[in-house]
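Residue-level structural notes
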Amino acid sequence: MEYIWNGNPSVWKFRAPILFPIVGRLKDGYFLWQGKEYHLPNHGFSRDLEHSVVVREKERVVWRLQDTTYTRELLL
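Residues numbered from 1 in each chain as written. Predicted model: local features only at pLDDT ≥ 70, side-chain atom pairs only at ≥ 80, totals over all residues. Heavy atoms only, no water.

Let's talk about the environment of N42
Here is the rule: Strands are runs of DSSP state E lasting at least 2 residues, helices are runs of H or I lasting at least 4, and numbering of each runs from the N terminus. Contact between two residues is taken to exist if any of their heavy atoms lie within 4.5 Å; hydrogens are not considered.
Mapped onto the elements of the fold, N42 is located in the loop between β2 (36-39) and β3 (52-56). Through-space distance from the C-alpha of N42 to that of K27 is 10 Å; in sequence the pair is 15 residues apart. In this view, N42 contacts G24, R25 and R47; residues no more than four positions away in its chain are not counted.

Structure (structure tokens):
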């Protein structure tokens, strides 16, 4: 069963990724939180990372994204 569109390059060259923590892009590529500047790529950081399936049912799937050195560095 297909849960995430597997793509058709003649329609759209990308897949339907899991976008987190933003959809789109940030003005100037960063945001400020509690006085600190954080940079994020377009559509956040999770779209190019490996997610694991935690629950797979007929009507839903639950995915997990584990933190990595890369994701922790984004927050430092």
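Focus: the packing of aromatic side chains
Note the following rule: Classification of ring pairs rests on two measures: the distance between centres of Phe, Tyr or Trp rings, Trp counted by its six-membered ring, which must be within 6.5 Å, and the angle between planes, read as stacked under 30 degrees, edge-to-face over 60 and tilted in between.
Taken as a whole and judged by the stated rule, the model has two aromatic pairs. The interplanar angle of 90° and the centroid separation of 6.0 Å between the aromatic rings of F20 and F45 together place this pair among those described as edge-to-face. Separated by 25 residues along the polypeptide, F20 in the segment before β1 (30-33) and F45 in the loop between β2 and β3 bring together distant segments of the chain. Each ring, one from F31 and one from Y38, has its centre 5.3 Å from the other, and the planes form 20°; the classification is stacked.

Structural notes on the side chain of H51
Note the following rule: A 1.4 Å probe rolled over the protein chains alone gives each residue an accessible area, and that area as a share of the maximum for its type sets the label: buried under 20%, exposed over 50%, partly exposed in between. Residues adjacent in sequence count toward polar contacts only when both atoms are side-chain atoms; beyond that, a polar contact is any pair of N or O atoms within 3.5 Å, and within protein one must be able to donate a hydrogen and the other to accept it.
By the secondary structure assignment, H51 is in the loop between β2 and β3. On the basis of relative accessibility, which here comes to 14%, the residue H51 falls in the buried class. Among the polar contacts made by the side chain of H51, one reaches the main-chain carbonyl oxygen of L49 at a distance of 3.0 Å. Ignoring sequence-local partners within four residues, the contact set of H51 consists of I18, S46, W63, R64 and L65.

Description of the environment of S46
Counting through the fold element by element, S46 comes out in the loop between β2 and β3. For S46, a relative accessible area of 0% gives the class buried. Put simply, S46 and L19 are 27 residues apart on the chain and 5.9 Å apart in space, counted from C-alpha to C-alpha. Residue contacts for S46: discarding those within four places in its chain leaves I18, L19, F20, H51 and L65. At a separation of 2.7 Å, a polar atom in the side chain of S46 contacts the main-chain carbonyl oxygen of I18.

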